[in-house]
Each structure stands twice: as structure tokens, then as C-alpha cells.
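The primary structure of each chain is shown beneath.
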Amino acid sequence: MRVLKRTKSIGMLVATVAATGLIPLTAGTAQAAPTGYAGSCPTAGTVTQWWHSGHDGVDIANNRGTPIHSTGPGTVIVSGTASGYGQWIRIKHDDGTVTEYGHMYERLVSVNQRVSSGQLIARMGSEGDSSGNHLHFEAHSSTSSTRGMDPVPYLRERGVGLPCTPGSGTPGTNFTTWGTSVRVRADARLSATVVRTLSGPTPVFVECQKRGDVVNAEGYSNDAWSYIPALGGYISNIYIDHPAAWLPGVREC
Ligand SMILES: [Zn+2]
């Protein structure tokens, strides 16, 4: 607990300085680079072709209509048709990387739409230059990348090993809570309904954060709250084990 208090106080220092109006609250964390995201399995099936010099992605084959999911939170930047792909989707994730999905028979998201990790985005098909129902999945380092990197280490770094089953296994996490009897609330307000109580430290995936009621605990105070989809609500950032009051690499809700 000593370490926690020390690191937590750094976040409080930022918050205290910000409260005086000298610097924006985000100033202390603005330089921190996002460090990937909590990944989700793109689709169930058999890997029929891995990444290699002549193939910029992996092919995962299954029945027509098999659900395809976004591997992480982000914004849809392409959803349409393309030569070779038939139909394709590109998603820019919050860490700057881009994932690409091809050959679907049905697309369920549109450009500029926000998607969460694991969200259903399409159904598998064999459109375009394809010899059977499969997902062609690519991972790119940025929107300006012209060649896909090997998706295997890309996904592994984000907690997903191929082949995989959507929604199974240990969901990716990016933070851990601390403290006991931590309440998860329906909104970032102390008057909001308690939807769950955490008995002890819990690995969680924080999808986004927002300002809400100020919470005081253990000598600290913080008005930022984390939204945790798997728990169906918000917890005060004071119970997130991280030195910053406003978590780096996590977007605002
Ligand atoms: Zn392919």
C-alpha cells in the first residue's frame, strides 16, 4: 500500500496543480503514448494462411455469416467495397494502429462510427478475390502504413492468440483496481445506482473515462471516473491503480 500511496500522490499533484488553474488537468499525462489496447478475438475459425512476404494478413476460415468483431476500441475509417476485397472495413484504434477486415458478405458498421473491443462489425463471406468463406485480417502500424505487419505478435501483445474464440478466455485488461468494497455505479455520480461491488483488487478493461463527482478516499480526491464495459458501469479513478488522476491512453467517454 505504501507504493500505491506514493504513486497515487503523483496523480494528486497533477490534480492539485490543475485545480489552481495553472495548467490543464491533462498536462501531466499528455506526453504519455498509448500502449496498445485490450484486444478481442476477431473471429472464430481455422487459420488457413498465416502472414508471409506475399500475404499481408492472416486468413481465418469458417462458415458464411460467422460473426466478425473489432479487435479493439476505435473508429471506423473505411466501410465499403474494394477491388479484391469485395467488402472491407478499416478501424483506427485508440493506440494509432489500424486493423483491416476483408471479404465479408455483410457489414454492420459505417464510417466515423465508434466501436468497442469485441463489437460485432460484420459477417464472414467470400466476396471479391476469395475461394471460400474466410476473414482476411490485417494489422497496420498507422493510417499511413501500406503493408500489414504480422498480426500474430500484434494480437498477442493485446492479449489475443490465434486461433481464438470471440468472447472466451480472459478478457484483455489494461488496469487493476485497488481497495476493497469498491462500488461500480451506473454513472460517474455518487448518487448513481450501484450495479456491482468489487471485493478486492480486480483486473479491468477501462474503455473510456469522464469527469463526474469528486471522490475522496485514503487522503486523496479525484473527479475522474473509468467506464468498464464488463462491469456495466463506472468506478472512480481513485480506485484504479495508476499514478495519474486522468488515465493516459484512455479516451474521454
Ligand atoms: Zn488473406
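Residues numbered from 1 in each chain as written. Predicted model: local features only at pLDDT ≥ 70, side-chain atom pairs only at ≥ 80, totals over all residues.

With an unreviewed UniProt entry as reference, the protein chain is termed M23ase beta-sheet core domain-containing protein, source organism Streptomyces chryseus.

Enquirer: Mind showing me how you'd approach the sheet that holds strand S5 (residues 86–93) here?
Expert: Hydrogen bonding along the main chain pairs the strands of a sheet, whether they run parallel or antiparallel. Spatial strand order, S1-S2-S10-S6-S5-S4-S8: seven strands in an open sheet with antiparallel pairing. The open sheet terminates on both sides in strands that have one partner only, identified here as strand S1 (46–49) and strand S8 (114–115). Note that strand S6 (residues 98–102) and strand S10 (residues 134–140) share five bridges and pair antiparallel. Residue pairing across strands places glycine 102 opposite histidine 136, the latter belonging to S10. (Pairing = 2+ DSSP bridges. Helix = DSSP H or I, 4+ residues; strand = E, 2+ residues; numbered from the N terminus.)

Enquirer: Would you mind showing me how to read the sheet that holds strand S9 (residues 120–123) here?
Expert: Spatial strand order, S3-S9-S7: three strands in an open sheet with antiparallel pairing. Lying at the two open borders of the sheet, with one neighbouring strand each, are strand S3 (67–69) and strand S7 (106–107). Bridge count between S7 and S9: two bridges; the pairing is antiparallel. When the sheet's bridge partners are listed, arginine 107 is paired in S9 with alanine 122.

Enquirer: Where do I start with the environment of glycine 179 in this structure?
Expert: Checked against the element boundaries, glycine 179 lands in the loop between strand S11 (175–176) and strand S12 (182–185). When the C-alpha positions of glycine 179 and threonine 202 are compared, they lie 9.3 Å apart, and in sequence the two are 23 residues distant.

Enquirer: Can you help me understand the confidence of the model for the protein chain in this one?
Expert: For any part of a model where pLDDT is low, the fine detail of the predicted coordinates should not be relied upon. This prediction gives the protein chain a mean pLDDT of 84; 84% of its residues lie at or above 70. This stretch, residues 1–34, has a pLDDT under 50; its non-local contacts, to residues over four places away or in other chains, come to 35 contacts. (pLDDT = per-residue confidence, 0-100. Contact = placed C-beta atoms within 7 Å.)

Enquirer: Mind showing me how you'd approach the environment of valine 214 here?
Expert: Structurally, valine 214 is set in strand S15 (residues 208–217). On the basis of neighbour count, valine 214 is assigned to the partly exposed category, with 13 C-beta atoms found within 10 Å. Linking valine 214 and alanine 188, residues 26 residues apart in sequence, is a C-alpha distance of 9.3 Å. The contacts of valine 214, once residues within four sequence positions are left out, are Ser221 and Asp223. (Buried ≥ 20, exposed ≤ 12 C-beta atoms within 10 Å, placed from the backbone.)

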